[in-house]
Every structure is written in C-alpha cells, then in structure tokens.
Amino acid sequence: MPREIEFRGYDLDLKKWFYGGYHKHIKRQIAPFGDELKEEDIQHLIIIDGFADWNMPQPVRVVTNIDKNSVGQFTGLKDKNGVKIFDGDIVKITIKGKTAVAQVKWLEKRYKFIFDHGFDWLGLEYFQISDELEVIGNVFENKELMKFLNIGLTKKLKTGCIM
C-alpha cells in the first residue's frame, strides 16, 4: 500500500490546525522582465474534503490563511498513542529507559525525515516501533520545548550502546 501523503497547517484566523493536501499558490502572474516574486504574492493553502450527505457530491474546502512556518508533512509514523508524527513536531524518544527530546525535520539533501537533537541527527528509519516515540508538541506552538533538545542519545544510538 502506498504511504499516506498528508500535510497540516495552522490557520491564523481560526486559530486551529487543518489537515489535508498542501498547495503553494502564486496569486498573480509574474512578468518575465523587471518583476519578481514577493512574499505577499504567495499564499499557503491546505485543501480538505468538505461535508456531504449520502450520495451527494462532496465539495473541496480550501483553508486560505495558513501560516507558512506551520506547514508540515506527515512522516508516515505514529507515536505510542496513535498520534501522527509531522515535520515540525517535537517528540520524546525513550529507549531502554533512556529519554531524549528531538525535533522532526525534513533533510533535503538526504530526502528523508530525521530527528534533530540540536547537535546531530538520526533518521526515522531507526524507529519503526512506535512505543519508543511520543509527540509532546511542535515548533510552531511550543517553542519553549526546544530548550530540551538532547544531543547525548544520538551518539549512543549510532554507536549501538543503547540498542
């Protein structure tokens, strides 16, 4: 089965998260000479299914005031509570009684999601057992959790001291 592609974004007007497809919309046609794309020309959208009664067409709803810094993609993993893990989440990792806090990030040069501990990183492929992971917040709403990033666990995991 193909992996689920899902994004989330925080709506600044409604003050809540929306989950669905993501689209970076350019609001005007840029002229070929003497023109440039500006921040106000870009709109970040989350597209979700609307509500419909039985056998009626189901509309598509577009959420239009998404904060660009809040957009994150689903990693394909869920934590020990069944919560989907997204890019930008802050997770608690517990392995054999050792605990660390890390941020989930997309590593462009390796084309994969990673856990960033502030000093080093570890690929999500090490964590197929969701009992080791718990989402405790995200970088958009819980910036205060960033101070708990732990660099010690990464080296121990890579050298095999814990696992």
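Here, the structure is the one placed above.
The structure displayed is predicted, hence computed values, not measured ones.

Let us look at the sheet that holds strand S4 (residues 60-63). Strands sit in the order S4-S3-S2-S1-S5-S6 across an open sheet of six strands; the sheet is antiparallel. In the strand order of this sheet, the two ends are held by S4 and strand S6 (84-86), each with one partner. Adjacent strand axes in the sheet meet at a mean angle of 50°, parallel and antiparallel pairs treated alike. The pairing of strand S5 (residues 72-78) with S6 spans two bridges and is classified as antiparallel. By the bridge assignment for S6, phenylalanine 74 is matched with phenylalanine 86.

Overall, the coordinates contain eight salt bridges when judged by the stated rule. For arginine 28, the salt bridge goes to aspartate 35, with nearest N and O atoms at 2.8 Å. The exposure class assigned to aspartate 35 is partly exposed, which follows from its relative accessible area of 26%. In this structure, glutamate 39 and lysine 68 form a salt bridge, with 3.3 Å as the shortest nitrogen-oxygen distance. A residue pair is termed long-range when its members are at least 10 positions apart, and glutamate 39 in the loop between strand S2 (16-26) and strand S3 (42-49) and lysine 68 in the loop between S4 and S5 qualify at 29 residues. Since its relative accessible area comes to 45%, glutamate 39 is described here as partly exposed. One network of salt bridges, with partners in common, ties together Glu4, Glu6 and Lys84.

Another aspect to go through is unusual backbone geometry. Outside of glycine, negative phi angles account for most residues, and trans bonds account for most peptide bonds. Here the phi dihedral of lysine 15 falls at roughly 55°; this positive angle occurs in a residue that is not glycine. With respect to the element layout, lysine 15 can be found in the loop between strand S1 (7-11) and S2. Residue lysine 15 is classed as exposed on the basis of its relative accessible area of 57%.

Scanning the entire structure with this criterion turns up six aromatic pairs. Judged by centre distance (5.4 Å) and plane angle (70°), the ring pair of tyrosine 10 and tryptophan 17 falls under edge-to-face. When the centroid spacing of 5.8 Å and the interplanar angle of 75° are considered together, the rings of tryptophan 17 and phenylalanine 140 count as edge-to-face. Here tryptophan 17, found in strand S2, pairs with phenylalanine 140, found in the loop between strand S11 (133-138) and helix H1 (152-159); they are 123 residues apart in sequence, far enough to count as distant. Accessibility expressed as a relative area gives 16% for tryptophan 17, which makes it buried.

Procedures and definitions
Residues numbered from 1 in each chain as written. Predicted model: local features only at pLDDT ≥ 70, side-chain atom pairs only at ≥ 80, totals over all residues. Heavy atoms only, no water. Pairing = 2+ DSSP bridges. Helix = DSSP H or I, 4+ residues; strand = E, 2+ residues; numbered from the N terminus. Axes fitted to C-alpha atoms, helices over the stretch in contact; angles between N-to-C directions. Salt bridge = Lys/Arg side-chain N within 4 Å of Asp/Glu carboxyl O. Buried < 20%, exposed > 50% of the residue type's maximum accessible area, 1.4 Å probe, protein only. Phe/Tyr/Trp six-rings, centres within 6.5 Å; stacked < 30°, edge-to-face > 60°.

Without other data, these values stay purely geometric and don't point to any function.
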